[in-house]
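Given next are the chains, with one letter for each unit.
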Amino acid sequence: MKAIVQDSYGPADVLHLRDIDPPAVGEKDVLVQVHAAGVDPGVWIFMTGRPYLARLASGLRRPRVPVRGRDLAGVVVAVGARVTRFRPGDEVFGTCLRGSYAEFVSAPERRLARKPANVSFAQAAAAPVSGMTALRAVRDSGAVRRGHRVLVIGASGGVGSHAVQIAKAYGATVTAVCRPAAAAFVRALGADDVLDYTSEEIDRDGPIYDVVIDTGGDRPFALLRRALTPHGTLALVGGSYTKGPVLSGYDRQIVRRPLLSLFVGQRLRSVSAVERTDDLNELGTLIESGVLTPAVDRTYPLAQAADAIRHLRDGHPAGKIVVTI
């Protein structure tokens, strides 16, 4: 089968389209013919091996898993002997550990859910990683409820575009922070107000937000806290992954957040990266109900996966970038 693989860390030039062996299918695994796979900052991080902290999980000198990609949507081809939830022909979406930029993937049953019928494969592939992260930021870290005022920084990106819609579904009033060109896009997602970060800062209106969701930015804590109510919640999603070779922007979550939390009344929370079956199923329910529609910025064929990652790195996507197979 054809797949996008890499033998070493580096820029997108290290990615190559090759023929490799189809994946093995274990007793609890599902073999999926991939129709689409999402692109997110995690793909860039594990491609480059930066920040170096990521290499503790991906391999110190070279990637342990040579195929890139986590998100996927496709059709079940075969199932392991102990799989009970799926059968060949089912349309599914979810994540995998062995790389989704390939014609076929083998994924644990628990990492998959039935694809909502009201979205395309490309839209479904845009949802798992970004959507589950946004769900945890809104529901768990932020504890958003009806009447809350929520600020979403990076509202036009993969996580941000999901967070805006989920927060609205939970009954919040949402202000979206984005560049001017994305204002119409985030309003279409349901944002009640838009803050143009090129001309205004997030503390423009003072400490009015019950929850601030920062999707991978690098603003100082002092500035973020000035936008929060005295007992508001800051939910940190990722970090600026281009700031330094070792921790990059993740030092906010690993070092600074725990220390600062000891001295302030506001709740400073890191959004966990755990992928859970229940979260994926809830995401599917939100999509099926129509309150959440995964936004796709553009699609690239498998052979141009490197260009898709370059666009993520250099561009300003409105929604998620997707590789189609």
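Residues numbered from 1 in each chain as written. Predicted model: local features only at pLDDT ≥ 70, side-chain atom pairs only at ≥ 80, totals over all residues. Heavy atoms only, no water.

(A) Geometry of the side chain of Asp29. Tracing the backbone shows Asp29 in strand β3 (residues 29-39). At 2.9 Å, the side chain of Asp29 and the backbone nitrogen of Gly26 are in polar contact. (Helix = DSSP H or I, 4+ residues; strand = E, 2+ residues; numbered from the N terminus. Polar contact = N/O pair within 3.5 Å; in protein donor to acceptor, adjacent residues only side chain to side chain.)

(B) Quick look at the packing of aromatic side chains. For the coordinates displayed, the defined rule picks out 0 aromatic pairs. In this structure, Lys115 is placed above the aromatic ring of Phe121, and the distance from its NZ or CZ to the ring centre is 5.1 Å. (Phe/Tyr/Trp six-rings, centres within 6.5 Å; stacked < 30°, edge-to-face > 60°. Lys NZ or Arg CZ within 6 Å of the ring centre and 35° of its normal.)

(C) Just the sheet that holds strand β8 (residues 149-153), in detail. Taken in spatial order, the 6 strands make up an open sheet running β10-β9-β8-β11-β12-β13, and their pairing is parallel. Two strands in the sheet have a free side with no partner beyond their single neighbour: β10 (193-196) and β13 (267-270). Taking the axes of each pair of neighbouring strands and ignoring which way they run, one obtains an average angle of 20 degrees across the sheet. By the bridge criterion, 4 bridges tie β8 to strand β11 (residues 209-215) in an arrangement that is parallel. Following the sheet pairing, Val150 is matched in β11 by Val211. Contacts from helix α5 (residues 158-169) reach β8, β9 (173-178), β11 and β12 (228-237) within the one sheet, and its direction differs from that of β8 by about 170 degrees. (Pairing = 2+ DSSP bridges. Axes fitted to C-alpha atoms, helices over the stretch in contact; angles between N-to-C directions. Contact = heavy atoms within 4.5 Å.)

(D) Up close: the environment of Arg62. Take Arg62: it is sitting in the loop between α2 (55-58) and β4 (71-79). Taking relative accessible area as the criterion, Arg62 reaches 54% and is therefore assigned exposed. Expressed as a C-alpha distance, the spacing of Arg62 and Thr48, which sit 14 residues apart in the sequence, is 9.8 Å. (Buried < 20%, exposed > 50% of the residue type's maximum accessible area, 1.4 Å probe, protein only.)

(E) Quick look at the pattern of salt bridges. One pass over the structure, following the stated rule, counts 23 salt bridges. The salt bridge partner of Arg136 is Asp279, with a shortest N-O separation of 3.7 Å. One end of the pair, Arg136, is in helix α4 (residues 128-141); the other, Asp279, is in helix α9 (residues 277-289), with 143 residues separating them in the sequence. With respect to burial, Arg136 and Asp279 carry one shared label: buried. (Salt bridge = Lys/Arg side-chain N within 4 Å of Asp/Glu carboxyl O.)

(F) How the structure looks around the pairing of β10. Bridging between β9 and β10 involves 4 bridges; their strand directions are parallel. Counterpart to Val177 in the pairing with β10 is Leu195. Crossover handedness for the path β9 to helix α6 (residues 183-189) to β10: right-handed. (Right-handed = clockwise from strand over helix to strand, strands pointing away.)

(G) Summary view of the nonpolar core. Judged by nonpolar contacts, the single largest core of 47 residues is most densely connected at Val150 and Ile213. Among all residues touching Ile213, those that are not within four sequence positions of it are Ala137, Val138, Val150, Leu151, Val152, Ile153, Ala163, Ala235 and Val237. Among the nonpolar cores identified, the runner-up in size contains 21 residues, and Ile4, Ala12, Val43 and Ile321 belong to it. (Core = buried A, V, L, I, M, F, W, Y, C linked by side-chain atoms within 4.5 Å.)

(H) Focus on α9. In this model α9 runs 18 Å from its N-terminal to its C-terminal C-alpha over 13 residues, within 8% of the 18 Å that 1.5 Å per residue would give. For α9, every residue scored as buried is listed here: Asp279, Leu280, Leu283, Gly284, Leu286 and Ile287. When α9 is viewed along its axis, its buried side chains cluster within an angular range of 160 degrees and face the same direction. Along α9, the residues that are exposed and aim more than 90 degrees away from the buried face are Asp278 and Glu288. The inward-facing, buried residues of α9 contact β5 (91-95), β7 (112-114), α4 and α5. Of the residues trailing α9, Gly290 is marked for its positive phi of about 90 degrees. (Expected span 1.5 Å × (residues − 1). Arc of directions from axis to C-beta.)

Geometric descriptors of this kind do not, in isolation, establish any biological role.
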